[in-house]
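Structural features, examined
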Amino acid sequence: MTQTPTRPQTGTLVEQFEFGLDAPICLTWELTYACNLECAHCLSSSGRRDPRELTTEQCKAVIDELERMQVFYVNIGGGEPTIRPDFWELLEYATAHHVGVKFSTNGVRITPDRAAFLAASDYIDVQISLDGATAEVNDYVRGPGSFDTAIRALENLQAAGFKDAKISVVCTRHNIDQLDEFKAIADRYGATLRLTRLRPSGRGADVWDELHPRPEQQRVLYDWLMAHGDRVLTGDSFFHLAAFGESLPGLNLCGAGRVVCLIDPVGDVYACPFAIHDNFLAGNVLTDGGFQRVWQTSDLFADLRSPQTGGACSTCSFYDSCRGGCMAAKFFTGLPLDGPDPECVQGYAADALAGERQPPAPSQDHSKANPTRRQPVMLTLATSRPSAPPVSACAESPLAGFVPSQP
Amino acid sequence: MDGMLDEAWALSPSVALRPEPFGALAYHFGNRKLTFLKRPELVAAVRALGEQPTVRAALQAAGVAEQRHPAFVAALHELAAGDMIARRADATAPDHP
Ligand code: SF4
Ligand code: SF4
């Protein structure tokens, strides 16, 4: 085991967070790799159910452990979590055990009945994924019919009296100019808009070059967030934009393995939902003595909690707020982890991106073997990988809705 | 001096405290707010609130010296604003000497 570095007795909260916590504050749990959709940018390359998926009993044991660790809430995603037959049962089990749930869904199972059930619970939050404010833009990446499915879910929730659903948008070059329209949709359904960053994770790696916002759009996004940020959630996903000047609200730090982590459908624990790769695999809840043990004693997490160097970023005057950006974005674009983010707004990654680089091969893929009629059309135009797939927690973002305050 | 010192307070019933190396994390199950208590004495004081007749007594029990009471009262007000702690209805402020 790696030697744990000594934690300072004082220091800011962010400095404390860098040394990790006894339990995560932003835990994502993907319940299944199965999905009805095949989104082009799915962060978890979902599509097919993994036969090793945790059973209902195993899931309940994980919830028991989260309760013991006082993990107060968990972000559930997938795949499409609601297509697990025991999904609603697990939801009730979690909330009965003091683990609040926010789940991400494409809306497919949010029927009027389910909406009423959700409206009746205090501890469940629902997040509908929508990646375009029009069917045209949304369905381009999420597949035919997915816009209508999401809107129907929002209508059902509103009709049932569900308060404050979240609409989660992954920002791409096609929807940056729709930010006001997204806000209008959210207002129409009494929902809160949540914007997150497209990361080259999962199938996102295949389409990142084509979808990630252009440099001038980063500025548009930044200005929009500065103007509307108080009424929009971001899951703290845009701290690399802090290098435009002012920091955005939230924690400016990569929380991977420190305050953030992912439990995947087979119980593997990764440093971050956007880092599903062997390099960021800390252990497994079934074979490594449970989640607590993995979280508290894995070598990988000990490493991530030791002081990091800024590498090429350390001479940048924005390093304090930008911190070199997102580890997963660097890793999956084949950039050095201690250098600038691929979307460095000061332009320091441009040369490295243009030069020779070797993005890592995926270490797993649950994409459907054969595309279905749900496949977004862009895939056939844009990528070399024939299979397409689905998605969902497309937007699970670390530290979602989390407002640090420190009396 | 702030009137709060002589009042009876307690951790809100919907709040749970989770110990952390730097202090504690407080989570409110109702409004889903997460707050960090960065000083161990503040954690001790917040835990003592419900057992002590007054805020002053809770601060004393937590070993907070009197000259630091104003700073702690300010922190408690901030916690109160987020409904992390609440005034206890069952107790009345004692007449202190
Ligand atoms: S910055 Fe990137 S790697 Fe770090 S926690 Fe956020 S998404 Fe994960
Ligand atoms: S050089 Fe590094 S720290 Fe500076 S803005 Fe770019 S990514 Fe951020």
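The text that follows walks through the structure, step by step, so that each part is easy to find.

What counts and what doesn't
Residues numbered from 1 in each chain as written. Chains lettered and ligands numbered in written order. Predicted model: local features only at pLDDT ≥ 70, side-chain atom pairs only at ≥ 80, totals over all residues. Heavy atoms only, no water. Phe/Tyr/Trp six-rings, centres within 6.5 Å; stacked < 30°, edge-to-face > 60°. Helix = DSSP H or I, 4+ residues; strand = E, 2+ residues; numbered from the N terminus. Buried < 20%, exposed > 50% of the residue type's maximum accessible area, 1.4 Å probe, protein only. Lys NZ or Arg CZ within 6 Å of the ring centre and 35° of its normal. Near = heavy atom within 4 Å. Nonpolar A, V, L, I, M, F, W, Y, C, P; charged D, E, K, R; others polar. Core = buried A, V, L, I, M, F, W, Y, C linked by side-chain atoms within 4.5 Å. Contact = heavy atoms within 4.5 Å.

**Remarks on the packing of aromatic side chains**
Counted by the stated rule, this structure contains 17 aromatic pairs over all chains. With 5.8 Å between their ring centres and 85° between their planes, W88 of chain A and F117 of chain A make a pair best called edge-to-face. Of this pair, W88 of chain A sits in helix α3 (residues 87–96) while F117 of chain A sits in helix α4 (residues 112–119); the two residues are 29 residues apart in sequence, bridging distant segments of the chain. For W88 of chain A, a relative accessible area of 9% corresponds to the buried category. Under the relative-accessibility criterion, F117 of chain A is labelled partly exposed at 23%. For the ring pair Y222 of chain A and F244 of chain A, a centre distance of 5.1 Å and an interplane angle of 45° mean the geometry is tilted. Separated by 22 residues along the polypeptide, Y222 of chain A in helix α9 (residues 215–228) and F244 of chain A in the loop between β7 (232–233) and β8 (260–263) bring together distant segments of the chain. What makes Y222 of chain A buried here is its relative accessible area of 4%. A network of ring pairs unites the aromatic residues F72, Y73 and Y123 of chain A together with Y27 and F29 of chain B as a single cluster. The ring of W295 of chain A has R305 of chain A lying over it, and the distance from NZ or CZ to the ring centre is 4.4 Å.

**Notes on the site of ligand 2**
The local shell around ligand 2 consists of A243, C313, C316, Y319, C322, G324, P340, D341, C344, Q346 and Y348 of chain A. Class assignment for the residues of the shell around ligand 2 results in 8 nonpolar, 2 polar and 1 charged.

**Digging into the site of ligand 1**
In the vicinity of ligand 1, 11 residues are found, and the nearest of them are R199, C254, C272, C326 and A328 of chain A. Of the residues that constitute the shell around ligand 1, the class distribution is 9 nonpolar, 1 polar and 1 charged.

**Side note on the nonpolar core**
Counting residues in hydrophobic clusters, the biggest one holds 103 residues, and the most contacted among them are F17, W29, F103, L118, L195 and F291 of chain A. The residues contacting F103 of chain A, other than those within four sequence positions of it, are I76, T82, F87, W88, L91, I110, L118, I124, D125, V126 and Q127 of chain A. With 26 residues, the next largest nonpolar core counts A24, L42, A58 and V64 of chain B among its residues.

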